[in-house]
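Structural description and commentary
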Amino acid sequence: MAGRDLALIAGAGTGKTSTLVMMGNSTRKRGLYVAFNRGIADDARARFGSNMECRTAHSLAYAAGGHAYRERLNSAARLPARETARVLGLTRDMFVDHAKITRTHQARLVMGMVRRFCYSTDREITVRHMERINGLGHQAQDHVAGLLTPYAHRAWQDLRSLHGRLRFEHDHYLKMWALTRPTLHADFVLLDEAQDTNPVLEEIFLAQDAQRVCVGDPAQQIYAWRSARDVMTGFPAEHLHLTRSFRFGPRIAEVANRWLRHAESDLQLSGHPPVDSRIGPAPHADAVLCRGNADAMSEVLTCLEHDIPVALTGGGAALERIAGAAQELMAGRRTSHPELFLFASWDEVREYTEQDTAGQDLKAMVQLVDLHGPQLVIDAVRRLTTEADARVVVSTAHKAKGREWKSIRIGTGFDAPTGDEEGVPRPLNPAEARLIYVAVTRARHLLDHTGLDWIDAYEAAGARLADGIVAGRPMIELPLTRQLRYPASPMSTFMAAHLPESHLLVRDYLTRITDLPHPVQPIDVRYPDWAALGHAIDYRLRLSMARPPGPAVDLGVALVGSDTPLPGAPDPRARKALHTAGRDLLAAVHAHLAHRFRADAETLNRWCFVAAAYEDISRSGTIRRRGPLAAATASTTLAELLDAVPAYVHADLERQFALARDVFTPLRALPDERRICGPTFAGSADLGGADADFILGGTLIDSKATTRPRNLGREEIHQLAGYLLLDYDNRYTIDRVGLYLARQGALIDWPVDTFLRLAGATEPPATLRNRLRDHLLRARAARRRPPAS
């Protein structure tokens, strides 16, 4: 009623739709309700008042211009790939890494690029819109993508024409509409299911001047893998909550809350007491919910073996296609399956899924086909019944979203996190916890979650982390950035106690980046080395201030020349060559800074990229298998390392460096003593280390070369606060702190007093520094190691 923007977080079964209807009926203003699909929009239209327009994003786009393509939509027969290739002018097969990519499959890849572009907020098609081709390495992927990108541009030009020949789909006119930056004609806009919003719609919604209300449950975001985004969490508005679930009672709510905690959600549900809900065995459950399609098919086969009428939500077409591909390959024929066409035999597919991490998503289905045989899988799919006639419905958790059953059994596939190299359980992926939360909240009265019993052991292992031990190492010995990953670490507990409102700073940051341009990024390579590029632009800025890259690079060069074991390192003679090349790099940088000669921009960029590989050694203790140093030989030289730097690196770093001009040019004019790069602090030795990027004219700056600046949050805010407060003696007289977004050329900074006040601090910096020093000293004194086993 007040006209302010709002984010309404509505937990599972909490009456979201009823609340939306009450919102719409509370005013005579013109409202627009944007629904996930047509069925939801039609249902809402019957419940809302006459002041509300209920639409899908596609219907809005159709009315705005999509209707001009009505004839193309009505005549959009599915073109065979050979016809698509002919329209695009693809006339030859392509040979890459001894594998043939036929012109028909090239056509599929090109149209896939257009499809991914239409799902994105990008304004032009680039090589990164090409999907991964199973069986090809990164360089081959880039080569293929580079060759096919012009054809993707040609395809988009065809689709934009009213008289084009390619198959025209609804997402095409939606993207065209989004590119016009449309204004929605309403006084307020209600965006439903905002936690899984099409990026195209997100961009339109956030750009509106009308009152904006986004509604959903961030803990139910389960389509991020499909490029959907959570609009709600960072939405700069008041956040209100619905937490009483009318779907189930308190017992199921307790289970849901357990998974909400692992999903990193602050939401906690309360069950509706009149609803009787139980936790226990459900051998005759109405529905069985599984992790993936292969897990679901295993449940289906079990039902069929016992002659139980069973339905599979969404059908089994994907599994049937895999089984059909297996039959073709086992018979010695090439398969037409779009993901497996490069493989010459089923044995090659088995080897790929067993040994290549890129094939893990196929592993379960391949094992299923091997276990039961392809024909049995095909027969099972064809024996499925409709849900109306089934005794049990088998579904993946994704396809169960928005549905509910009286009784549910959690099926297979929801596996416990694996341990790392040191035996420490890897963190449970919040995305996985969100999916499990969706699954357990589909039950109204009876939930059988024995398929998730592993959570007890996992939480017990987490309790040991809560005691301050990581892989037998006290958390106080970890560097600042690593400590901030663990809520129980000394730095994290201090931040929680003394800066309890850091989310307000995050919200302020997100508000201030809303109008920034899209981040620049490489457009001619599918798999850029993002981490190395991030370090490299930091070094390039340091060099522009007459400072070397920093001690981490020096340490990496020293480590590669030492006897220290480095996993992934080449043989000793190659390590010696890398050490020599690293020393030559440091000498060249020193000569440049001493004005003995001036390197050009491209040379500087190549230096910085190679320096990033050496820094990575000092920080990770390894030489990465796919990094620029892994293939070194005894004859490797600095010149060879520089020559091997990918071509995209120079262009990307130059664009970032050009963007830095407005922020850094006046800072370069500061007196020498006011330009500090890579500073450490009086308190850095009280933990495992802490070194910032810059302190320039009293402003502490941490540089972030992210392509997703909206993903920065509490950890980055605490990182700034850590640097600020570890300056115990106020040596640097820091008066401002900020994040520099290198790919947007923007500095988001705050005066220290404002920064601390927004974060919830109630004491001045000097007092907080003393408290942090005492806190870390107590943590060091109390550190302990687990007893020897």
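Coordinates for the structure precede this section.
Read on for an overview of the structure. (Residues numbered from 1 in each chain as written. Predicted model: local features only at pLDDT ≥ 70, side-chain atom pairs only at ≥ 80, totals over all residues. Heavy atoms only, no water.)

Comments concerning the pairing of strand β2 (residues 31–35)
Selection rule: Burial classes: relative accessible area under 20% of the type maximum marks a residue as buried, over 50% as exposed, and values in between as partly exposed (1.4 Å probe, protein chains only). Put simply, DSSP marks the helices as runs of H or I at least four residues long and the strands as runs of E at least two long, and each gets a number from the N terminus on. We call two strands paired when DSSP finds no fewer than two bridges between them.
Burial within β2 is extensive, with five of its five residues counted as buried. Side chains G31, Y33 and A35 of β2 all project onto a buried face; the interleaved residues L32 and V34 project onto the opposite face, where all are buried too. Bridge count for β2 against strand β3 (residues 52–56) is five bridges, and the pairing is parallel. Across the sheet, the residue bridging to L32 is E53, located in β3. Bridge count between β2 and strand β6 (residues 188–191): four bridges; the pairing is parallel. Paired with L32 across the bridge in β6 is V189.

Let's talk about the sheet that holds strand β8 (residues 238–242)
So the rule is basically this: Note on geometry: axes are C-alpha line fits, over the in-contact stretch for helices, and angles between N-to-C directions span 0 to 180 degrees. Throughout, a residue-residue contact means that at least one pair of heavy atoms, one from each residue, lies within 4.5 Å.
Spatial ordering of the open sheet is given by β3-β2-β6-β7-β1-β8, a layout of six strands whose pairing is parallel. The open sheet terminates on both sides in strands that have one partner only, identified here as β3 and β8. Across the sheet, the mean angle separating the axes of adjacent strands is 20 degrees when strand polarity is ignored. With four bridges connecting them, strand β1 (residues 6–10) and strand β7 (residues 211–216) associate as parallel partners. Residue pairing across strands places A7 opposite C214, the latter belonging to β7. Packed on one face of the sheet, helix α3 (residues 57–64) meets β2 and β3 and runs near 95 degrees to β3.

Structural notes on the sheet that holds strand β11 (residues 278–279)
Paired through their backbone hydrogen bonds, the strands of a sheet run either parallel or antiparallel. The six strands are arranged β11-β16-β15-β12-β14-β13 in an open sheet whose pairing can be described as parallel. Two strands close off the open sheet at either side, each with one partner strand: β11 and β13 (310–312). Direction of pairing for β13 relative to strand β14 (residues 392–396): parallel, over a ladder of three bridges. Its bridge partner being in β14, A311 is matched across the sheet by V393. Sitting on the sheet, helix α10 (residues 250–262) is in contact with β11 and β16 (443–448), with an inclination near 65 degrees to β16. The strands that helix α17 (residues 430–440) touches are β12 (287–290), β15 (405–410) and β16; relative to β15, the one it contacts most, it runs at about 140 degrees.

Some details on helix α25 (residues 601–620)
What counts here: What a helix is expected to span follows from its residue count: subtract one and scale by 1.5 Å.
Between the first and last C-alpha of α25 there are 29 Å, a value that for 20 residues agrees with the 28 Å anticipated at 1.5 Å per step. Counting buried positions along α25 yields 14 of 20 residues, so the element is predominantly enclosed. Residue G621 follows α25 closely and has a positive phi angle near 70 degrees.

Focus: the nonpolar core
Among soluble globular proteins, nonpolar side chains are generally buried collectively. Rule in force here: Residues belong to a common nonpolar core when they are buried Ala, Val, Leu, Ile, Met, Phe, Trp, Tyr or Cys residues joined through side-chain atoms within 4.5 Å.
The biggest cluster of nonpolar side chains holds 98 residues, and the ones touching the most others in it are V144, L148, W259 and Y437. Grouped together as the second largest cluster of nonpolar side chains are 53 residues, L541, V560, L585 and A613 included.

Some points on the environment of I537
Tracing the sequence through the fold places I537 in helix α22 (residues 530–544). A relative accessible area of 0% places I537 in the buried class. With 182 residues separating them along the chain, I537 and Q719 place their C-alpha atoms 19 Å apart.

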